[in-house]
Amino acid sequence: QVQLVESGGGLVQAGGSLRLSCAASGSIFSINVMGWYRQAPGKQRELVAAITSGGTTNYADSVKDRFTIFPDNAKNTVFLQMNSLKPEDTAVYYCHAEIAMPTMTFFSNYWGRGTQVTVSS
């Protein structure tokens with residue numbers, strides 16, 4: 001019953017900003033990691049940014065100076081603030097989470113449906 005719901009994608013000109021959000025809902029006991037991946041046409045899906053329950057972050061080199069990931073733990077939500085967007089950032093952005101259900105001793109992977117980010121030049 002776990003679901004990841006993304007929002008915030010859209011069309012922006014180069015140099016602009018967007019903020020993506022991903023809210024996890026359902027039968028959740030614990031969240032180990034939440035993050036964002038992206039996939040452009042003809043390219044492999046790649047990690048953009050991730051954050052652990054302890055607050056440790058990880059960024060792709062191509063975005064680390066421009067993007068920021070941060071959580072709202074009370075709402076099981078993670079945000080991706082994207083600044084100084086470039087046409088190369090155009091992709092479908094997918095939320096990802098490692099979540100443990102109540103009583104379970106392991107984490108499972110969950111994915112959102114994806115949200116389109118298009119940056120015009």
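Only a predicted model underlies this, so the values are computations on that prediction, with no experimental measurement involved.

Caption draft 1: Up close: the packing of aromatic side chains. In this structure the tally under the stated criterion is two aromatic pairs. Here Phe-70 and Phe-79 contribute two aromatic rings whose centre-to-centre distance is 5.1 Å and whose plane-to-plane angle is 20°, an arrangement assigned as stacked. Owing to a relative accessible area of 19%, Phe-79 belongs among the buried residues under this scheme. Above the plane of the ring of Tyr-94 lies Arg-45, whose end atom (NZ or CZ) is 3.8 Å from the centre. Across from the ring centre of Trp-111, 4.9 Å away, lies the NZ or CZ of Arg-45, which sits over that ring.

Caption draft 2: Spotlight on the side chain of Thr-77. Mapped onto the fold, Thr-77 is located in strand 8 (residues 77-82). For Thr-77, the side chain forms a polar contact with the main-chain oxygen of Lys-75, separated by 2.9 Å. Discounting residues that sit within four places of it in the chain, Thr-77 has contacts with Cys-22, Ala-23, Pro-71 and Asp-72.

Caption draft 3: Focus on the environment of Val-48. Looking at the element boundaries, Val-48 is found in strand 5 (residues 46-52). Exposure remark for Val-48: the relative accessible area of 0% places this residue in the buried category. For the pair formed by Val-48 and Arg-19, sequence separation is 29 residues and the distance between their alpha carbons is 14 Å. Beyond its immediate chain neighbours, meaning those up to four positions away, Val-48 contacts Trp-36, Tyr-37, Arg-38, Asn-58, Tyr-59, Ala-60, Val-63, Phe-67, Leu-80 and Tyr-93.

The rules we used
Residues numbered from 1 in each chain as written. Predicted model: local features only at pLDDT ≥ 70, side-chain atom pairs only at ≥ 80, totals over all residues. Heavy atoms only, no water. Phe/Tyr/Trp six-rings, centres within 6.5 Å; stacked < 30°, edge-to-face > 60°. Buried < 20%, exposed > 50% of the residue type's maximum accessible area, 1.4 Å probe, protein only. Lys NZ or Arg CZ within 6 Å of the ring centre and 35° of its normal. Helix = DSSP H or I, 4+ residues; strand = E, 2+ residues; numbered from the N terminus. Polar contact = N/O pair within 3.5 Å; in protein donor to acceptor, adjacent residues only side chain to side chain. Contact = heavy atoms within 4.5 Å.

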